[in-house]
Amino acid sequence: MTDWQPTASLDTLRRRAVLMQRVRGFFVERGVLEVETPCLGHGGSTDVHLASLSCQAVTPAGSETLWLQTSPEFHMKRLLAAGSGPIFQIARSFRDGEVGRRHNIEFSMLEWYRPGWSLDALIEETQALIREVLPFDPGPTRKRRYRELFGEVLDIDPFEVEIASLRRLAGERGGLDMAEAPRDECLDLLMSLVIEPELGRDGIDVVLDYPASQAALARRHQDPRDGAWVASRFEVYLSGLELANGYDELTDVGEQRARFADDNRARREAGLAEVDVDERLLAALDAGMPEGSGVALGLDRLIQLALGKSRLEEVIAFPTPRC
């Protein structure tokens, strides 16, 4: 066996360590508390687009199913509800089936929360953090509306285009049979294959106002320009890479419980296994989590860009095939 060696060079790992310290210093200077939360939880992500990993563990309650966390979000929100104030974490996160040039099943997620902050304030801090880590000027920060991007690139209104036309376009661009695909699946395919690769080419692109159906754990609001319901969230792109996903966080426990139920219903309809709902998160929301914003950033991807590497495996010691 010869694949015991790391895929990243030792020099790269030393440079990675320096960048990790720079990230921590960024938050220390801003008075944000670093926290650590479990990789395992009694609930997982119900998001139909994410594949959670689980294991059987012997606990004081007996043999239980525990879920490897797709991000530290649920535990960090419990800390917010307990009165932690602003917090950040560099966490090990897990998503099944995600292995490739830009993905690994186990990866480093940088996540932070700002109670009382608007989405605009968090966008400003996110791009400041990215600039702090990169050794070069990425160019200006631009805010782009999801709906306008589809109009510019594909000449369609993603909110109003007929489903038959959308399926046909997605099938043509993706080379797949999309004849029965749901609207969001078609939009996701077009976004990832056609629009995303061109984002962040001469600057940092921040995409806003996603469809309300893609709100996940974010609030929703009406766009003042046309009254359409949209998700109160943003995604950040640089050099064709999605780096971060931020929310105006949902704090309504009833709405959150309903979304979890909708997710599991969608999973059943798609032939996917249901995921246990995190009841402790719901209890924390019921107790009262402060309003504010939070963002998750793929730290391995940001380091990959900072060090000029083409593949994720070049900046991590042991990717999944070698773990």
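Definitions and cut-offs
Residues numbered from 1 in each chain as written. Predicted model: local features only at pLDDT ≥ 70, side-chain atom pairs only at ≥ 80, totals over all residues. Heavy atoms only, no water. Helix = DSSP H or I, 4+ residues; strand = E, 2+ residues; numbered from the N terminus. Buried < 20%, exposed > 50% of the residue type's maximum accessible area, 1.4 Å probe, protein only. Contact = heavy atoms within 4.5 Å. Areas by Shrake-Rupley, 256 points an atom, 1.4 Å probe, with all protein chains shown as cover. Core = buried A, V, L, I, M, F, W, Y, C linked by side-chain atoms within 4.5 Å. Pairing = 2+ DSSP bridges. Axes fitted to C-alpha atoms, helices over the stretch in contact; angles between N-to-C directions. Phe/Tyr/Trp six-rings, centres within 6.5 Å; stacked < 30°, edge-to-face > 60°. Disulfide = S-S within 2.5 Å. Polar contact = N/O pair within 3.5 Å; in protein donor to acceptor, adjacent residues only side chain to side chain.

(A) Local environment of the overall build of the protein. For the protein, the helix and strand inventory stands at nine helices and 13 strands. Projected onto the principal axes, the alpha-carbon positions of the protein cover approximately 50 × 50 × 45 Å. For the protein, the residues scored as buried account for 48% of the 323 residues in total. Look at the contacts in the protein between residues 6 or more apart in sequence, and 68% of them connect residues 24 or more apart. Surface accessibility of the protein: about 15200 Å² in total, with carbon and sulfur atoms responsible for 50%.

(B) Seen up close, the nonpolar core. Counting residues in hydrophobic clusters, the biggest one holds 37 residues, and the most contacted among them are Phe-27, Leu-110, Trp-112, Leu-129, Ile-130, Phe-234 and Leu-297. Sequence-distant contacts of Phe-27, that is, excluding residues within four places in its chain, are made with Val-32, Phe-88, Leu-110, Trp-112 and Leu-129. Grouped together as the second largest cluster of nonpolar side chains are 24 residues, Leu-187, Leu-189, Leu-199 and Ala-231 included.

(C) Structural detail: the sheet that holds strand S6 (residues 106–115). Taken together, the eight strands give an open sheet; going across it, the order is S1-S5-S6-S13-S12-S11-S8-S7, and neighbouring strands pair in mixed fashion. The sheet terminates laterally at strand S1 (33–34) and strand S7 (141–145), the two strands that pair on one side only. Where strand S12 (residues 241–248) and strand S13 (residues 292–298) come together, five bridges link them in antiparallel fashion. The residue bridging Asp-248 from the neighbouring strand is Ser-293, located in S13. Most of the contacts of helix H2 (residues 73–81) go to S6, to which it runs at about 25°, and overall it touches strand S5 (87–94), S6 and S12. Relative to S7, helix H4 (residues 146–154) is tilted by about 85°, and along the sheet it contacts S7 and strand S8 (204–208).

(D) The sheet that holds strand S3 (residues 53–59), seen in detail. Across the sheet, which stays open at both edges, the three strands sit in the order S2-S4-S3 with antiparallel pairing between neighbours. In the strand order of this sheet, the two ends are held by strand S2 (40–41) and S3, each with one partner. As defined by bridge partners, S2 adjoins strand S4 (residues 62–68) across two bridges and the pair is classed as antiparallel. Residue pairing in the sheet places Leu-40 in a bridge with Leu-68 of S4.

(E) The packing of aromatic side chains, seen in detail. Overall, the coordinates contain six aromatic pairs when judged by the stated rule. Grouped by ring-pair contacts, the aromatic residues Phe-26, Phe-27, Phe-88 and Trp-112 constitute a single cluster.

(F) Just unusual backbone geometry, in detail. Although it is not a glycine, Asp-155 sits at a positive phi angle of roughly 60°. Here Asp-155 lies in the loop between H4 and helix H5 (163–174). Unlike most non-glycine residues, Ser-239 shows phi in positive territory, near 55°.

(G) How the structure looks around the environment of Ala-231. Within the element layout of this structure, Ala-231 appears in strand S10 (residues 229–231). Residues Ala-231 and Asp-248, 17 residues apart in the sequence, show an inter-C-alpha distance of 8.8 Å. With residues near it in sequence (within four places) discarded, Ala-231 still touches Asp-209, Tyr-210, Pro-211, Ala-212, Gln-214, Ala-215, Arg-219 and His-221.

(H) Here's a closer look at the state of the cysteines. Going through the model one piece at a time under the given rule, you end up with zero disulfides. With no disulfide of its own, Cys-55 lies closest to Cys-39 among cysteine sulfurs, the gap being 11 Å. Residue Cys-55 is classed as partly exposed on the basis of its relative accessible area, which comes to 31%.

(I) Structural context of the side chain of Arg-16. Within the element layout of this structure, Arg-16 appears in helix H1 (residues 10–29). In this structure Arg-16 comes out as buried when scored by relative accessible area, which is 11%. From its side chain, Arg-16 meets the backbone oxygen of Val-315 in a polar contact 2.8 Å long. The residues touching Arg-16, leaving out its near neighbours within four places in the chain, are Ser-108, Asp-300, Ile-303, Leu-307, Val-315 and Ile-316.

(J) Region of interest: the environment of Gly-116. Position of Gly-116 among the secondary structure elements: in the loop between S6 and helix H3 (119–133). For the pair Gly-116 and Pro-86, spaced 30 residues apart in sequence, the C-alpha separation works out to 9.3 Å. Aside from chain neighbours lying at most four places away, what touches Gly-116 is Glu-291 and Gly-292.

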